[in-house]
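# Observations on the three-dimensional arrangement
Chain residues, written in single-letter form:
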Amino acid sequence: MIRSENTRFVNAAAIAAALAVLTMPSAGSAQTVRDTLAIDSLVVTATKLPVPAAATGAAITVLNGDDLRAQGVRRVVDALRRVPGVAIAQLGGTGAVASVFMRGGESDHVQVLIDGVQVNDPGGSYDWAHLTTDDVERIEVVRGPVSVLYGSDAVAGVVQIFTRAGLASGHSLRAQLMGGRGERVGPESNGSYDAVDWNTSVGGGAAIGATALRYAATASNVRSDGAYAYNNEYDNRTFSGRLSLERAGLRGGVTARYVDQVFHYPTSGSGTLADHNQLTDGTALTLGATAGWFFTPTLELRGQVAAHRSETGGSNPPDADGDGFSNSTADVRRNSAELALNAHLARGIIATMGAEAEQQKGSTTFDSDGPFGPFSTASESQRNNVGYYAQLLASPVDRVDLSGGVRVDDNEQFGTFTTGRASAAVQVLPALRVRGAVGSGFREPTFLEAYATGFAVGDPDLRPERSASIEGGAELRIGRAVVGATYFSQRFRDLIQYTFTAEPGTPNYFNIGRAEASGVEVTGARDAGPVDLSAHYTYVHTRVIDQGFGEDRAFLEGMRLLRRPTHQASLTGAFSPARSLDMSTSVIYTGDRDDLDFTDPADFAGRRTKLPSHVTVDASASYRIPMRGAAVALLMRGTNLFDRRFDEVYNFPAAGRLLWIGASVELGRAGSAR
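A brief structural summary. Since we're looking at a predicted model, the values are computed, not measured. (Residues numbered from 1 in each chain as written. Predicted model: local features only at pLDDT ≥ 70, side-chain atom pairs only at ≥ 80, totals over all residues. Heavy atoms only, no water.)

### Observations regarding the packing of aromatic side chains
Our working definition: Only Phe, Tyr and Trp rings are paired, with Trp represented by its six-membered ring, and only when their centres lie within 6.5 Å; those with planes under 30 degrees apart are stacked, over 60 edge-to-face, the remainder tilted. Counting from the N terminus, the helices are DSSP H or I runs at least four residues long and the strands are E runs at least two residues long. Each residue is assigned to one of three classes by its accessible area relative to the maximum for its type, calculated with a 1.4 Å probe on protein chains only: buried under 20%, partly exposed between the two thresholds, exposed over 50%.
Under the defined criterion, the tally for this structure stands at 14 aromatic pairs. On the numbers, 6.1 Å between centres and 35° between planes, the contact of F447 with Y451 is tilted. You can see F447 and its partner Y451 sitting in helix α5 (residues 447–451), 4 residues apart, about one turn around the helix. Residue class for Y451 comes out partly exposed when judged on its relative accessible area of 26%. Geometrically, the ring pair formed by Y498 and Y509 is edge-to-face, given 5.3 Å between the ring centres and 65° between the ring planes. Of this pair, Y498 sits in strand β24 (residues 481–498) while Y509 sits in strand β25 (residues 509–527), and the two are 11 residues apart along the sequence. Put simply, the rings of Y498, F500, Y509 and F604 touch in pairs and so form one group of aromatic residues.

Structure representation (structure tokens):
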């Protein structure tokens, strides 16, 4: 079995290498491609301050929104497939629930921010299926615990999406329309299905006296008939906007994002095609306002207020007379305010003191009628949290950057909790930089785990899950190429588990599990003018240390954690073989992973199984048509070009080949500035 897995990996690497050769440009090519992985680029998420990535001591990947769109990447979850240390599991095709696992942690161990606003449900869960790249300026991925700045959920890492801020001056209008046709997958499938994807955006800026204003707004719609045989339609409508201003030491802005989506799914919990009319729908509204003010040359006051509301529902009407039905709703709200003081001192020292207050609210309803009669339940929960943090960034001598921080959270459910982080980065040679970091993180219990009634009983006295992490790495620049390697190790304790054997009326959730994850991330990027190559390989070893009750077959002592492959790799090449033609190819390898098979109705606990490894290839091309006063381009893209059939979750076939064709037009000045 080991030899077979290694053979598949070697084959995937050979395919990636062959495509890399194919994507090398001719000597006459002339396109300038930005190096999105440059180690000296400015990042914000790791420290909440704009500092060079190399000075943070953290493992950071930055994805450029313009590059992603040029390469045909339409969903943020697909962009994350190219990030080291990140694994994706989606329950089928477009619109199905998508989860992100980072460095072997759980899917609820990743904090998600949009322009600084937390959009996770309390406790960390987030469905990545509905987040598109239309308005993305850049995506910053920080691996390792960052609870010291963001509190709960930043156990294994943080992903922050920054939206476009508009032009420094002038105005622009852009529109794009794509039509797609895909191959159906799964049982009873035959033929193809259709999809439509359009988006439009405006942006601009102007100076009014001493005040500089910028604005940007985007609207998009993605519709698909679905890859399954029936009842698999998806419709996503997204609207976003951003307004910012800057004036004599004062900088501020407001952001808004609204998503309205409907997803039809014919599958049961085991993945079997079973229903012609069940669906989920939902809306998400994200609002944020920020301001920063240098009231002296060295003292800066920053503040933010934020609100996020997610409303989701599920509906399963009767398929025929006499059938049962079910309906469910969930409404989650997070409202927060944060204030921080930054002191910019001598010798590169920045000291930060901050405080954040958050109110969380959640309510659910569930109604059903089936073979066992009618059932109805409802819940409402609320809790408050206040966090205080301090951070120090310093360069005591040339080529040495240090950082350290501590945070104390005071939560009305679980009391006080302290986390910390320290890192160092040293420029050993002009082309070689080494770094290391240690830190801790935590995840608060979800509303379900703490307050559930009905089928399960929560425990308000649960402790947060916690993690401890250590990592070390190096980056080496060789000409116009950058290669890097990072070793990491994290331990998770007090993991919350569910038990079926609790006495009636007593809690079903307990802090009892422990697990560990360790591995290596290897990255490389090459920017040689007309060609841009980036690649990564990730090895992650996960293991359950304490299985707790031993009832959960997903969590058995000595076994791998589910849906987290040991080996992953990717290679992306973007190039321009002619002045008006841009092309890109991406190859992604995912090694085998463990999962549970629920297809046997007599075995409700599921049977452990192994999902085989697979390789997918995506490609895109755009041809620019010369036209006075406008930028017009013909577009083509394809995902899973070789129609590879595989599951990311057992018995939920992933989407097959999907080919797109369309056009875009842009009027006014192109590009945006931050």
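### A look at the nonpolar core
The criterion, for reference: Residue types Ala, Val, Leu, Ile, Met, Phe, Trp, Tyr and Cys, when buried and joined through side-chain atoms within 4.5 Å, form a set referred to as a nonpolar core. It only takes one pair of heavy atoms within 4.5 Å for two residues to be counted as in contact.
Core analysis: the biggest nonpolar cluster contains 26 residues, and L80, W128, I139, V159 and I161 have the highest contact counts within it. If you list the elements that add at least two residues to this core, you get α3 (76–80), β4 (86–90), β5 (98–102), β6 (110–114), β8 (136–143) and β9 (157–163). Looking at which element gives the most residues to this core, the answer is α3, with 4 residues. If we skip the residues at most four places from it in the chain, W128 touches V76, V77, L80, A98, S99, V100, V112, V159 and I161. Counting residues in hydrophobic clusters, the runner-up holds 17 residues, among them A87, A195, F652 and W660.

### As for the pairing of strand β20 (residues 400–411)
Basically, it comes down to this: A pair of strands is treated as paired once DSSP finds two or more bridges between them.
Here strand β19 (residues 373–394) pairs with β20 via 10 bridges, running antiparallel. Pairing of Q391 across the sheet is with G405, part of β20. Hairpin geometry of β19 and β20 is characterised by an intervening segment of 5 residues between the two adjacent antiparallel strands and by a positive phi of about 70° at R399. Two elements, β20 and strand β21 (residues 415–429), share 12 bridges in a ladder whose sense is antiparallel.

### A closer look at the side chain of D494
To keep things clear, this is the line we draw: Within 3.5 Å is the distance limit for a polar contact, defined as a pair of N or O atoms, with the added protein rule that one can donate a hydrogen and the other accept it, and that residues adjacent in sequence qualify only through two side-chain atoms.
Note on placement: D494 falls in strand β24. Reaching out from D494, the side chain makes a polar contact with the side chain of R466 at a distance of 3.2 Å. Contact partners of D494, with chain neighbours within four places excluded, come to R463, P464, E465, R466, N511, I512, G513 and R514.

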